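# Tertiary structure, described
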Amino acid sequence: MEKNKITDIRVRFAPSPTGHLHVGGARTALFNWLFARHHNGKFILRIEDTDEERSSAENTGEIIRSLKWLGLEWDEGPDKPGEYGPYLQSERNFLYKKYIEKLLAEDKAYRCFCTQEELASEKTRAESEKRQYRYSGKCSHLTDEEINSFLEQKRPYVVRLRIPKGETVLNDVIRGRIEFKNEIFDDFIIQKSSGGVVYNFAVVIDDALMNISHVIRGDDHISNTPKQIIMYEALGFSLPVFAHVSMILGGDGKRLSKRHGAVSVDQYRDDGLFPEAVVNYLALLGWSTSDSRQFFHLNDLIKAFSLENISSNPAIFDIKKLEWLSCEHWKLFDRDLKRKYAVECLTSAGFVSGGLSKDEIELLDKALALVGDRIKKTGDILIQINFFFKKEINYPENILKKYFSSGTSFLEVLDKIVNSMEQLENFNEIEIEKIVKGQAALLGIKDVKLMQVIRVVLTGQEISAGIFETIMLLGKNKTVERIKNIVRKLGS
RNA sequence: GUCCCCAUCGUCUAGUGGCCUAGGACAUCGCCCUUUCACGGCGACGACAGGGGUUCGACUCCCCUUGGGGACGCCA
């Protein structure tokens with residue numbers, strides 16, 4: 001029975017490219033995208049770039065890159081023309097004129113010839129009388145003669161929308177019914193004296209012409225909505241469904257800003273969080289299922305998502321939970337995906353260049369299997385596997401100092417161990433473990449202590465997966481070589 | 001100042017009048033596992049902002065207060 005409705009679902013994400021994609025914007029985009037995908041509708045990207053001073057093409061590019069990184073592909077957008085374009089607001093100017101004319105002709109809007117000075121004095125007077133300033137409506141009753149004569153004089157004018165008496169009701173999916181008394185609005189400007197149109201007018205035209213069925217956006221737009229509703233009605237357009245999502249705040253409950261650390265999604269990308277996790281986390285910020293499920297793949301989100309389950313309270317961004325989810329996602333990545341992320345890391349760190357050889361890929365897969373769950377961010381991949389790909393190990397000063405400066409010198413025992421290893425017919429875990437533990441016993445030290453020394457020698461760091469498994473994967477040659485090198489280096 | 005939104009553990013939330021001595025997840029803290037680092041297992045701590053109503057009965061409905069956020073441009 002809902003068939004018609006479902007096939008007609010069209011939503012949009014309409015960022016203004018005045019900065020990078022903010023986590024709040026990303027979540028809005030995600031909710032729109034999920035809603036569209038859930039209902040088999042269309043997701044449209046529209047760039048609101050009419051603020052020449054603050055908008056830039058670079059920012060647009062960044063936003064597009066971030067959205068793609070998150071995996072949110074759009075059906076129509078600046079780079080994907082559809083029948084409702086253009087999708088850059090700056091290129092849509094020609095569309096607005098006609099609707100301004102229409103409103104003017106129907107007397108639902110009027111030209112206002114008041115000068116900036118007149119307006120300013122109205123404003124100061126209102127202030128001195130402690131009155132809420134609203135445009136007086138001085139020009140709302142000009143006669144045709146007056147208008148024509150002003151036009152002939154080429155006096156600049158703006159176009160204002162007549163606000164009807166009464167009240168305007170916003171039925172918000174998330175918040176329910178919200179009523180506004182129309183008297184709180186003045187006849188606001190919809191066309192500037194430059195001839196350009198104002199945001200509140202442009203969104204309405206754009207959304208209506210693009211056949212947007214659901215407007216899902218931040219709740220900072222709630223107070224704009226009644227004005228927009230009045231416009232929809234003046235223009236005879238049917239209303240979309242509105243859903244206003246709460247904002248994302250910083251840890252102190254204040255509006256999220258640079259002070260709170262990362263606010264743009266590319267910072268999380270640069271930080272090494274997996275996009276699968278970022279999307280999962282963002283979804284959980286303000287949306288939930290009644291079974292309190294936490295872990296979702298994108299497809300699960302699409303299936304489970306609904307506007308009704310979006311909560312109305314603002315959320316505070318919690319990086320710890322994001323990191324936890326990032327690890328949870330890593331655990332379930334398949335071999336290819338893990339390999340993909342690892343190759344990216346290794347390449348950008350300069351350990352490999354170009355494509356990996358067959359042997360390298362085999363080594364990589366084994367290393368990743370060995371590493372297991374020890375990964376929260378892409379950077380952890382490098383930490384865990386770098387020494388498999390290094391030709392030579394560089395030992396940081398503090399490590400050398402900690403393990404080789406005072407007390408028991410391990411060089412002698414390392415020398416013995418390496419000799420025994422070389423003589424091994426079967427270079428396998430059990431035999432190696434025997435050697436190491438035997439030597440530890442001989443020395444009267446804990447075997448774990450000796451194991452840690454070997455770990456440091458082979459990896460140049462204090463952490464790695466199980467040492468005997470690491471040795472096996474490293475292979476006899478590299479193992480022997482690295483031990484010999486350190487003995488030689490420090491022995492002199 | 002005017003208007004609007006919001007209010008459950010530190011954080012994200014479940015809860016739609018009796019199922020709630022309020023459930024889950026992250027974080028924190030213990031213990032266990034352990035070869036470092038992670039993972040994992042078990043457990044602990046921990047919330048209905050306050051005050052009035054309505055009701056046989058309120059976390060749930062209404063009002064007020066308080067606190068937080070937002071909007072009030074010829075910006076988007």
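Here, residues in each chain are numbered from 1, in the same order as that chain's written sequence. Following the order in which they are written, the chains are lettered starting with A and the ligands numbered starting with 1. At least 70 in pLDDT is required for a residue's local features to be given in this predicted model, at least 80 for side-chain atom pairs to be given and counted, and no such filter applies to totals for whole chains, interfaces and linings, which use all residues. For side-chain calculations, the full set of non-hydrogen atoms in the structure is used, while hydrogens and water are omitted.

### Quick look at the side chain of asparagine 182
- Relative to the elements of secondary structure, asparagine 182 occurs in the loop between strand E6 (176-181) and strand E7 (189-191).
- Here asparagine 182 is in contact with Ile163, Pro164, Lys165, Gly166, Glu167, Thr168 and Ile230, once residues within four sequence places are set aside. Strands are runs of DSSP state E lasting at least 2 residues, helices are runs of H or I lasting at least 4, and numbering of each runs from the N terminus. Every residue pair with non-hydrogen atoms within 4.5 Å of one another is taken to be in contact.

### Points about the protein's contact with RNA strand B
- Around RNA strand B there are 60 residues in total, and Arg175, Lys192, Arg374, Ser464 and Phe468 lie nearest to it.
- Restricting the count to atoms of RNA strand B within 4 Å of the protein gives a sugar and phosphate share of 67%.
- Between arginine 374 and RNA strand B, the recorded distance is 2.5 Å, taken from a side-chain N or O atom to a base nitrogen.
- Think of a polar contact as two N or O atoms within 3.5 Å of one another; within protein, one of them needs to be a possible hydrogen donor and the other a possible acceptor, and neighboring residues in sequence only count if both atoms come from side chains. At a separation of 2.9 Å, a base oxygen of RNA strand B approaches a polar side-chain atom of arginine 455.
- Elements represented by at least two residues in the surface near RNA strand B include exactly E6, strand E11 (315-316), helix H12 (319-332), helix H19 (447-459) and helix H20 (467-474). Any residue with a heavy atom lying within 4 Å of a molecule or strand is counted as near it.

### A few points about the pairing of strand E8 (residues 214-218)
- Exposed residues in this analysis have more than 50% of their type's maximum accessible area, buried residues have under 20%, and partly exposed residues fall in between, with area computed by a 1.4 Å probe over protein chains only. E8 sits mainly inside the fold: 5 of its 5 residues count as buried.
- What makes two strands pair is DSSP finding at least two bridges between them. Note that E8 and strand E9 (residues 241-245) share 5 bridges and pair parallel. Bridging across to E9, histidine 214 finds its partner in valine 241.
- Clockwise travel from the first strand over the helix to the second, with the strands pointing away from the viewer, marks a crossover as right-handed. The parallel pair E8 and E9, bridged by helix H8 (residues 225-235), forms a crossover whose chirality is right-handed.

### What to know about the sheet that holds strand E3 (residues 109-112)
- Read from one edge of the open sheet, 3 strands run E3-E4-E7, paired in antiparallel fashion. Strands at the two margins of the open sheet, each flanked by one partner only, are E3 and E7. Across the sheet, the mean angle separating the axes of adjacent strands is 45 degrees when strand polarity is ignored.
- In terms of strand pairing, strand E4 (residues 158-161) meets E7 through 2 bridges, oriented antiparallel. Bridging from a neighbouring strand, valine 159 pairs with glutamine 191 of E7. Lines fitted to C-alpha atoms define the axes here, with helix axes fitted over just the stretch in contact, and angles between the N-to-C directions of these axes take values from 0 to 180 degrees.

### Overview of the packing of aromatic side chains
- Stacked, tilted and edge-to-face are the three classes assigned to paired rings of Phe, Tyr and Trp, where Trp is represented by its six-membered ring and a pair needs centres within 6.5 Å; plane angles under 30 degrees give stacked, over 60 edge-to-face, the rest tilted. Scanning the model with the defined rule gives 15 aromatic pairs in all.
- Between the aromatic rings of phenylalanine 113 and phenylalanine 150, the centroid separation amounts to 4.9 Å while the plane-to-plane angle is 50 degrees, which identifies the pairing as tilted. Of the two residues, phenylalanine 113 is situated in the loop between E3 and helix H5 (116-128) and phenylalanine 150 in helix H6 (residues 144-152); the sequence distance between them amounts to 37 residues. Like phenylalanine 150, phenylalanine 113 is buried.
- With a centroid separation of 5.6 Å and 25 degrees between ring planes, the pair formed by phenylalanine 333 and tyrosine 341 is classed as stacked.
- By way of ring pairs, the aromatic residues Phe31, Trp287, Phe296 and Phe305 are connected into one cluster.

### Re the domain arrangement of chain A
- Throughout, the edges of the domains are those of an automatic or database domain assignment. Per the domain assignment, the segments making up chain A are domain 1 (10-81 + 200-249), domain 2 (93-198), domain 3 (258-331), domain 4 (333-389) and domain 5 (397-491).
- A separation of 43 Å is found between the C-alpha centroids of domain 3 and domain 5.

### Some words on the pattern of salt bridges
- Throughout this description, the term salt bridge denotes a Lys or Arg side-chain nitrogen within 4 Å of a carboxyl oxygen of Asp or Glu. This model, assessed by the stated rule, comprises 30 salt bridges.
- Arginine 92 serves as the salt-bridge partner of aspartate 206, at 2.6 Å between the closest nitrogen and oxygen. Placement of the pair is aspartate 206 in helix H7 (residues 199-209) and arginine 92 in the loop between helix H3 (57-70) and helix H4 (93-105), with a sequence separation of 114 residues.
- Residue classification places arginine 92 among the buried residues on the basis of a relative accessible area of 1%.
- A salt bridge links lysine 434 to glutamate 431; the nearest nitrogen and oxygen atoms lie 3.7 Å apart. Of this pair, lysine 434 and glutamate 431 are both found in helix H18 (residues 429-443), 3 residues apart, which corresponds to roughly one turn of the helix.
- Salt bridges sharing common partners tie together Arg12, Arg46, Glu48, Arg92, Asp206 and Asp207.

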